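Given next are the chains, with one letter for each unit.
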Amino acid sequence: MNFDRDAEIKALTLKFERLGMSKDELNLLIQFLKHRARVPAGADIIHPAQSIGQSRVLLSGMACSYRRLENGAREIYSFQHPGDFCDLYRYVLPERNDAIAVQALTDCLVATIAYADIERILAQRPRLGLLLWRATALEAGIVRERLSNARR
């Protein structure tokens, strides 16, 4: 699928260049992005207990990961911005948390990348594993800080 590099992957490019990804590595990652989907504000990008096998990348818009509480309220864990993987941690830790979902807060454009394609990329360019791990660790740190602040 061809992407309009200027509009659809600008944030992805900026984020991963800051993490140390070269242009060649970024082009390889982009080559494996598939199935662009528009998700309207308020709709789930990832449903709780959704079967997995691919990760989603937010190309535009804003989303949040959340868990629905027993009283129906929503507990937000993190916010995703353009260039963020919404659920890369599920590739690294395949035991899924059936309670976590990701919701579009604004109209969003999302692309997917299959886990099998992530494995192909890592086989071709092992250094990309470090860069994806950095992105996941950054997200985990943000969630940890948010949970810490919420419980004070």
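One structure accompanies this document, and this report is about it. Small disclaimer: the values here were computed from a predicted structure and weren't measured.

Conventions we followed
- Residues numbered from 1 in each chain as written.
- Predicted model: local features only at pLDDT ≥ 70, side-chain atom pairs only at ≥ 80, totals over all residues.
- Heavy atoms only, no water.
- Helix = DSSP H or I, 4+ residues; strand = E, 2+ residues; numbered from the N terminus.
- Contact = heavy atoms within 4.5 Å.
- Polar contact = N/O pair within 3.5 Å; in protein donor to acceptor, adjacent residues only side chain to side chain.
- Core = buried A, V, L, I, M, F, W, Y, C linked by side-chain atoms within 4.5 Å.
- Buried < 20%, exposed > 50% of the residue type's maximum accessible area, 1.4 Å probe, protein only.

A look at the overall build of the chain
Each helix and strand counted, the chain has 6 helices and 7 strands in total. Along the chain, from the amino end to the carboxyl end, the secondary structure elements read α-α-α-β-β-β-β-β-α-β-β-α-α. Within the chain, counting contacts between residues at least 6 apart in sequence, those at least 24 apart form 76% of the total.

What about the side chain of Ser-65?
Mapping Ser-65 onto the fold places it in strand β4 (residues 63-68). In terms of polar contacts, Ser-65 uses its side chain to reach the side chain of Ser-78, at 2.8 Å. Filtering out sequence-adjacent residues up to four positions away, Ser-65 remains in contact with Glu-75, Ile-76, Tyr-77, Ser-78, Gln-80, Ile-100, Ala-101 and Val-102.

Section: the nonpolar core
Counting 25 residues, the largest nonpolar core has Leu-12, Phe-16, Met-21, Phe-85, Ile-113 and Ile-121 as its most contacted members. Sorting the residues of this core by element identifies α2 (10-18), α3 (23-31), β3 (54-60), β7 (108-114), α5 (115-124) and α6 (127-150) as the ones contributing at least two each. Once residues within four sequence positions are removed from consideration, Met-21 is found in contact with Phe-16, Leu-26, Leu-29, Arg-127, Leu-128 and Leu-131. In terms of nonpolar packing, the next biggest core, distinct from the first, is built from 10 residues, Val-39, Ile-45, Ile-46 and Ala-104 among them.

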